[in-house]
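Architecture at a glance
Next come the chains, spelled out residue by residue.
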Amino acid sequence: MIKVEHLTKKYGQHYAIHDISFEVQKGEIVGFLGPNGAGKSTTMNIITGYLSPTEGTAYVDGFDILEEPEEVKKRIGYLPENPPLYMDMTVQEYLDFVSDIKKVDKKEKKRSMDKIMETVGIAHVRNRLIKNLSKGYKQRVGLAQALIGNPPVLILDEPTIGLDPKQIIEIRTVIKNLRSEHTIILSSHILPEVSAVCERVLIINKGKIVASDTPENLSKRLTHGSKLQMRVLGQKQKVYGILEKVPGVKYIEFIGPKEPNTVEVIVEAENNLDIRADIFYALSEARLPILMMRAVDLTLEEIFLQLTTEEKEAEAV
Ligand SMILES: Nc1ncnc2c1ncn2[C@@H]1O[C@H](COP(=O)(O)OP(=O)(O)OP(=O)(O)O)[C@@H](O)[C@H]1O
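Residues numbered from 1 in each chain as written. Predicted model: local features only at pLDDT ≥ 70, side-chain atom pairs only at ≥ 80, totals over all residues. Heavy atoms only, no water.

1. Quick word on the packing of helix 3 (residues 91-101) against helix 5 (residues 135-147)
Rules: Note on method: axes are straight lines fitted to C-alpha atoms, helices fitted across the in-contact stretch only, with angles between N-to-C directions ranging 0 to 180 degrees. Secondary structure elements are taken from DSSP: a helix is a run of H or I of four residues or more, a strand is a run of E of two residues or more, and numbering for both begins at the N terminus. Should an angle fall under 35 degrees it is called roughly parallel, over 145 degrees roughly antiparallel, and 65 to 115 degrees roughly perpendicular, with every other angle called oblique. Left-handed describes a crossing whose near helix is turned anticlockwise from the far helix through less than a right angle; right-handed describes the clockwise counterpart. Here, residues are in contact when the closest pair of their heavy atoms is within 4.5 Å. In the scheme used here, Gly and all other residues not listed as nonpolar or charged are polar, with Ala, Val, Leu, Ile, Met, Phe, Trp, Tyr, Cys and Pro taken as nonpolar and Asp, Glu, Lys and Arg as charged.
The geometry of helix 3 relative to helix 5 is characterised by a closest axis approach of 9 Å and an angle of 25 degrees between their N-to-C directions. It follows that helix 3 is roughly parallel to helix 5 by the angle criterion. Regarding helix 3 and helix 5, the two cross each other, and that crossing is right-handed. Touching Val-91, Tyr-94, Leu-95 and Val-98 of helix 3 are Val-141, Ala-144 and Gln-145, all from helix 5. Within the contact of helix 3 with helix 5, the residues separate by chemical class into six nonpolar, one polar and no charged.

2. Focus on the sheet that holds strand 1 (residues 2-11)
Note the threshold: For two strands to count as paired, DSSP must find a minimum of two bridges between them.
Sheet architecture is open: four strands sit in the order 2-1-4-5, paired in antiparallel fashion. Only two strands of the sheet have a single neighbouring strand rather than two, namely strand 2 (14-24) and strand 5 (63-64). In terms of strand pairing, strand 4 (residues 55-60) meets strand 5 through two bridges, oriented antiparallel. Pairing of Tyr-59 across the sheet is with Asp-64, part of strand 5. Against the sheet, helix 1 (residues 40-47) makes contact with strand 1, strand 2 and strand 4, and its axis sits at roughly 60 degrees relative to strand 2, the strand it touches most.

3. Concerning the site of the ligand
Selection criterion: Throughout, the term near means that a residue has one or more heavy atoms lying within 4 Å of the molecule or strand in question. What qualifies as a polar contact is a pair of N or O atoms within 3.5 Å, subject to a donor-acceptor requirement within protein and to the restriction that residues adjacent in sequence count only when both atoms come from side chains. To be clear on the numbers: accessible area is Shrake-Rupley with a 1.4 Å probe, and residue cover counts the displayed protein chains and nothing else.
Around the ligand, 13 residues are found, and the nearest of them are Gly-37, Gly-39, Lys-40, Ser-41 and Thr-42. Interatomic distance of 3.1 Å between a side-chain N/O atom of His-14 and an oxygen atom of the ligand. Within the backbone of Ser-41, one N or O atom sits 2.7 Å away from an oxygen atom of the ligand. With the chains in place, 61% of the 640 Å² that the ligand exposes on its own is no longer accessible. Taken together, the elements giving at least two residues each to the shell around the ligand come down to strand 2 and helix 1. When residues in the shell around the ligand are grouped by element, the largest group, three residues, is from helix 1. Here the residues of the shell around the ligand sort into four nonpolar, six polar and three charged.

4. Overview of the pairing of strand 11 (residues 227-233)
The line we're drawing: Here's how the labels work: a residue is buried when its accessible area is under 20% of the maximum for its type, exposed when over 50%, partly exposed in between, all with a 1.4 Å probe on protein chains only.
Counting buried positions along strand 11 gives six out of seven residues, so the element sits mostly inside the fold. The pairing of strand 11 with strand 13 (residues 262-269) spans seven bridges and is classified as antiparallel. Residue pairing for strand 13: Leu-228 is matched across the bridge by Val-267.

5. Notes on the packing of helix 5 against helix 6 (residues 165-178)
It is at 10 Å that the axes of helix 5 and helix 6 come closest, and there the two elements cross at 15 degrees. By the angle between their axes, helix 5 is roughly parallel relative to helix 6. Classified by chirality, the crossing of helix 6 by helix 5 is right-handed. Here Lys-135, Gly-136, Gln-139, Arg-140, Leu-143 and Leu-147 of helix 5 come into contact with helix 6, specifically with Gln-167, Glu-170, Ile-171, Val-174, Ile-175 and Leu-178. Considering only residue class, the contact of helix 5 with helix 6 consists of six nonpolar, three polar and three charged.

6. Here's the deal with the nonpolar core
Rule in force here: Nonpolar cores are built from buried Ala, Val, Leu, Ile, Met, Phe, Trp, Tyr and Cys residues. Side-chain atoms within 4.5 Å join them into one set.
By size, the foremost hydrophobic cluster in this structure holds 42 residues, and its most contacted members are Val-91, Leu-95, Ile-122, Val-141, Leu-143, Leu-156 and Ile-175. Dropping the residues within four chain positions of it, Val-141 is found in contact with Leu-85, Val-91, Tyr-94, Leu-95, Ile-122, Ile-130 and Leu-133. Membership of the second largest hydrophobic core comes to 26 residues, among which are Val-4, Val-24, Phe-32 and Val-72.

7. Observations concerning the pattern of salt bridges
Here the idea is simple: oppositely charged side chains can pair when their charged atoms come close. For the record, the criterion: A pairing counts as a salt bridge when a side-chain nitrogen of Lys or Arg comes within 4 Å of a carboxyl oxygen of Asp or Glu.
Throughout the structure, instances matching the rule amount to 18 salt bridges. The partner of Asp-88 in a salt bridge is Lys-131, with the nearest N and O atoms 2.9 Å apart. One end of the pair, Asp-88, is in the loop between strand 6 (76-79) and helix 3; the other, Lys-131, is in the loop between helix 4 (106-120) and helix 5, and 43 residues separate them in sequence. On the accessibility criterion, Lys-131 (43% relative accessible area) is partly exposed. When the shortest N-O distance is used, the salt bridge between Glu-108 and Arg-111 registers 2.8 Å. With Glu-108 and Arg-111 both in helix 4, this residue pair falls three residues apart, about one helical turn. Arg-111 sits in the exposed class, given a relative accessible area of 51%. A network of salt bridges, in which partner residues are shared, links Asp-61, Glu-71, Lys-74 and Arg-75.

Next up, the structure:
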């Protein structure tokens, strides 16, 4: 549904994005994750036709963004970081206005607006002035304007930025409900955001894609028993003394006992080493029985750090 080919955007000598390529299949919900300044907004602005690339192009539903920008715009609902709302209009007036701009069929207009207001949960505030709504509700109105015209593709730039935790959960639920009918790209620099909503994550750093996978696979790819949680029958000092001698162990943290006479410990290995067997032999030789050992999945924060550091190390070589 979306195909991005070798997109580059240069400002002077500075690359905002550099040779980015990726595809998003119909019905997919993909998270675009990266720190501030990574190039997320630039990429989205190019796909939506608000910015022209220095090199490369993109296709939306088979239409080239450079050759047929109007066809592309028809197929995309865009929620920019700061949605263009008219504060002195009521919700209904505003959506009516956007429907006219997007040339929604007059006969269809009321029915489609009602459906959209229902979907994003703003039907009960339809007659309120936008300026009097909370930030969370303003964001829903922004989402509603993106949905007008029923575009098959939705591009949402930081949709939950500035919202409180309750509003974040509500907007996420709304977005999840949209995915059956739309292909969605959602950008965020908040890592739990994409793992909560998206099936696949594209990680972008300094204008380049550094990873593309499901949140689960990214986590698996980088663990391999390199971060473990264990429960060991024995005393803290003894366990520590054994673990610190196991080759490859770089970090040991006791997290408080969960059972009497045991210690609960997190152990991390350097360079993704699998240290499970060595730990097993070392502790059993010292007659310190392991009652439980499990791999701890990396959080997306840790994955992101690893991927971006790996890239730095590769650059340094
Ligand atoms: N108009 C511009 N002129 C010069 N440099 C720019 C311009 N717009 C963006 N950049 C630079 O391009 C890079 C990518 O910016 P972009 O806004 O795409 O990042 P982002 O990932 O969306 O970050 P944020 O979450 O902060 O918006 C940054 O280094 C930024 O400073």
